[in-house]
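An overview of the molecular structure
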Amino acid sequence: MSTPRQPSGGGADGRRPVRGAAPRPAAPRGQSAGRAQNPKPQNPKTPDPKAQSPKAQNPRAQGPRPQSAKPAAAKPSAGRAQGARAQAPREQSARPRPPRAPEQRRSDGRPSVPRPRPQRRPPARRPVSRGIRLADPRRRLRVVTIALSVVFSVFAGRLVQLQLLDSDALAADANTNRYLNIPITAERGSITSSDGVALATTVDAYDITADPAMFTPEATGLPDAPEQAAALLAPILGVPKEKIAADLHTPKTRYKRLAAQQSPDVKNQISDLKSGLEKQAGSRACQAQKRLLNKPAEEGGRTRLDNECVNPLAGVFNRETQKRVYPSDGLAANLVGFVNAEGEGAGGLEQQYQGLLAGKDGHSSYAQAGGRLVPTAGGSLEPAVPGTDLRLTINRDIQWAAQRAITDQVANAGAEKGYVIVQDVRNGQVLAMATSPGFNPNDLSTAKNSQLGNAALQDAYEPGSTAKLMTMAAVLDTGKATWDTKVTVPYPLVRGDVAFKDDVEHDTWYLTLAGVLAKSSNIGTIEAAQTLGATQPEANQVLYDYLRKFGIGQQTGLGFPGETAGLLDKPEDWKASKQYTIPFGQGLSVNALQATSVFSTIANGGVRVAPSVVQGTTAPDGKYSPAPASAQSRVVGEQTAKTLTEMLESVVSDEQGTGGKAAIPGYRVAGKTGTANRVDPKAGGYRGYTASFIGFAPADQPRVTVSCVIQDPVNGHFGGQLCGPVFKQVMEFTLKTLQVPPSGSEAPNLPVEWKP
């Protein structure tokens, strides 16, 4: 049998193998080169493929092979060649195998000549291409597990840092990024005159506010941020800088109002100043300083910023609000009233109708960061509900005329004060209520406390002779006398241990009841009042009942803040001289509107209509609602009222009457003068006088009642002398304003005297 030829390619690396030398197979993967293998015996004639496997060709495991009769050279398979090529690097690192003993015979049976085997050079290293191998899934799972463990460990550490280690610091940082609740002031309702012209209204204004937490050294980097801000704001706001700095030194609160109801000019000044400081603080140099703030010193860090790099007004804001203004300044100010610095009614109708005028405030909530609105952080808004408008019965023109007249006369008389009231006798509406001295509600700093009230409603004074009208009404209405009843008036009149006198000394007068009223005799009035009852106590009770029906000793029904009800003792308390002085207006007290209402009752045919100053209201939706009609009550009969009107005309038209200066050409005027001793509220006794005149016109068809009262005059003290001209001036203007036609008949001129 012939020996198979060795391919020309020879070894696995393409070289021809050295003759007589066996190839060095590589160890299988996962098996070291030095692992021992026991080869199985081979059939010399039939090559065994297993014998030529890499394990069988491992020289270290086999050692030197004995010579056989036939060479064991066989053609390696393609798989063995690739395995040998793949293991070439390992074969190079293996120790050289000792030369094998030459075979004695060749495969053809001929003897082989033994020759020495030269040492084989290691084959050159050539790149080997490998196939695609899949990664080990267990190894990949371990890597992913480790990576997730690291990530979760970082998260856990960060949570520990946020919740435990840095919680206080983070809470402080969050304190500068939080929601602010800002109140929204409702627009206050207007107060208008009867023709709809504003006497009090609201205009846009701004509250200057601050967030004190933004002025701390930690927030600003300045140790004196409140003081710097106060120095900048004080000249603009007109507020002492010490007060501003004190307000800013309250970091526990997030809202502080530095100044209320400032004009748009003030708001713009502060906004421009704040913008300029903010632009300066945002320069490149200042930004560089901010980056170095609180860094270590070795890194060039800073502990504070330069003053020019900090905006001390960053925590100052403005809130849009309203400001109460009074377009007519002091016109009807004592009635309308005023509001305080908080925008709440503090006097007059502003105070009385505070709930109606104020409306309902709203509020807004928004997030801010460093003084800036965060638009994406959301918020809430509850709109404000505007207040209700109040329409008064006041006629602006008549109010102006009344106010001018009383102001001038108070000044001329050197009096302490005075007041004028104009009332429509048909419905009880007050057309004017003027007080002097008054005040300007736009500038309360120039007013005294005594001027801020409404003396026409809050002063209780003894009316004097104007109260004689009620005594005469009781006498006539009970039928105890008539206008022409003859009355003998001595001088003086002694009752008890007191001698009563008239304002002038005189001989015995022989007067009619109309003459008693016309000449304003105190003695004649006492005598007329005594006819009301069989005894003095009975007479006192009858007179008391009529005084109460006229509204004396009780509120007028306006509900005005501080209004006095006057003073009227019960008849059982009319002791000694009081039971004789009350009939002529001393010993009881009234306010000016009560006294005016008495005359309006007679002018209205004996029916009293409760006074009113509010004509109606206009709701926020624009719906107007008229005020309910005033309550009415009959006090005296219609004929009694007519007779009293004619008697009052004699006061003005008769030559012996005391009210001649109140006469108005073309109009019949009915009225009564009053001159009373004045109770000094400070001393507690009588001091000075109260001068007054009250009347209505036209007497034939009454339309308007006008009252004038002057307290503690110096230049004169009689009511006809001081208040008669005021009445005439105001009544003339009122009749023309209301276009009341002149009287169509002459006054009756009732006789005032009789001859014995």
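Residues numbered from 1 in each chain as written. Predicted model: local features only at pLDDT ≥ 70, side-chain atom pairs only at ≥ 80, totals over all residues. Heavy atoms only, no water.

All right, on to helix H8 (residues 241–248) then. Burial in H8 covers these residues: Ile244, Ala245, Asp247 and Leu248. Buried residues along H8 cover an arc of 160 degrees about the axis, so they all sit on one side. (Buried < 20%, exposed > 50% of the residue type's maximum accessible area, 1.4 Å probe, protein only. Helix = DSSP H or I, 4+ residues; strand = E, 2+ residues; numbered from the N terminus. Arc of directions from axis to C-beta.)

Position of alanine 230 relative to the elements: it lies in helix H7 (residues 225–237). For the pair alanine 230 and aspartate 247, spaced 17 residues apart in the sequence, the C-alpha separation amounts to 9.5 Å. In this structure, alanine 230 is in contact with Lys241, Ile244 and Ala245, ignoring residues within four places of it in sequence. (Contact = heavy atoms within 4.5 Å.)

Before going further, it helps to spend a moment on the pairing of strand E13 (residues 430–436). The buried count for E13 comes to 7 of 7 residues, which makes it a mostly enclosed element. Bridge count for strand E12 (residues 417–424) against E13 is 6 bridges, and the pairing is antiparallel. Opposite glycine 418, over in E13, you have serine 436 as the bridge partner. Between the end of E12 and the start of E13, which pair antiparallel, lie 5 residues, with glycine 428 showing a positive phi angle near 80 degrees. (Pairing = 2+ DSSP bridges.)

Judged by side-chain polarity, Val144, Ile146, Leu148, Val150, Val151, Phe152, Val154 and Phe155 come together as a nonpolar surface patch covering roughly 760 Å² of accessible area. Positionally, valine 150 belongs in helix H4 (residues 137–165). (Patch = residues over 30% accessible without salt bridge, like charges linked within 9 Å, V, L, I, M, F, W, Y side chains within 5 Å. Areas by Shrake-Rupley, 256 points an atom, 1.4 Å probe, with all protein chains shown as cover. Salt bridge = Lys/Arg side-chain N within 4 Å of Asp/Glu carboxyl O.)

Tallied over the full model, the rule gives 2 disulfides. Between the sulfur of cysteine 286 and that of cysteine 309 lies a disulfide, 2.1 Å long from S to S. Linking cysteine 286 and cysteine 309, the disulfide has an S-S dihedral of approximately -75 degrees and is accordingly described as left-handed. Of this pair, cysteine 286 sits in helix H10 (residues 284–292) while cysteine 309 sits in the loop between H10 and strand E5 (316–325); the two residues are 23 residues apart in sequence, bridging distant segments of the chain. Given the relative accessible area of 4%, cysteine 286 is considered buried. Looking at cysteine 309, the relative accessible area reads 3%, which means it is buried. The side chain of cysteine 708 participates in a disulfide bridge whose partner is cysteine 723; the two sulfur atoms lie 2.4 Å from each other. As the torsion about the S-S bond is roughly -65 degrees, the cysteine 708-cysteine 723 disulfide counts as left-handed. Remark: cysteine 723 occurs in helix H23 (residues 719–737) and cysteine 708 occurs in strand E24 (residues 704–711); sequence separation between them is 15 residues. The exposure classification of cysteine 708 matches that of cysteine 723, with both residues buried. (Disulfide = S-S within 2.5 Å.)

This brings us to the nonpolar core. With 90 residues, the main nonpolar core has Leu392, Leu513 and Leu547 as its most contacted residues. Within the second largest apolar cluster, 32 residues are counted, among which are Ala405, Val420, Ala691 and Cys723. (Core = buried A, V, L, I, M, F, W, Y, C linked by side-chain atoms within 4.5 Å.)

Take the sheet that holds strand E22 (residues 670–679) next. Read from one edge to the other, the open sheet built from 5 strands follows the order E13-E12-E24-E23-E22, with strand pairing classed as antiparallel. Both edges of this open sheet fall to E13 and E22, since each of them pairs with a single strand only. The mean inter-strand angle of the sheet, taken between neighbouring strand axes irrespective of direction, is 10 degrees. This element, helix H14 (residues 396–413), spans E12, E13 and E24 of the sheet and lies at about 30 degrees to E13. (Axes fitted to C-alpha atoms, helices over the stretch in contact; angles between N-to-C directions.)

Counted according to the given criterion, the structure contains 8 aromatic pairs. Ring geometry for tyrosine 419 against tyrosine 461: centres 6.4 Å apart, planes inclined by 45 degrees, an arrangement best described as tilted. On the criterion of sequence distance, the pair formed by tyrosine 419 in strand E12 and tyrosine 461 in the loop between helix H15 (455–458) and helix H16 (468–477) is long-range, its members being 42 residues apart. Just as tyrosine 419 is buried, tyrosine 461 falls in that class too. When the ring of tyrosine 510 is compared with that of tryptophan 754, the centres are 5.1 Å apart and the planes differ by 75 degrees; the resulting orientation is edge-to-face. Of this pair, tyrosine 510 sits in strand E17 (residues 509–512) while tryptophan 754 sits in the segment after H23, and the two are 244 residues apart along the sequence. (Phe/Tyr/Trp six-rings, centres within 6.5 Å; stacked < 30°, edge-to-face > 60°.)

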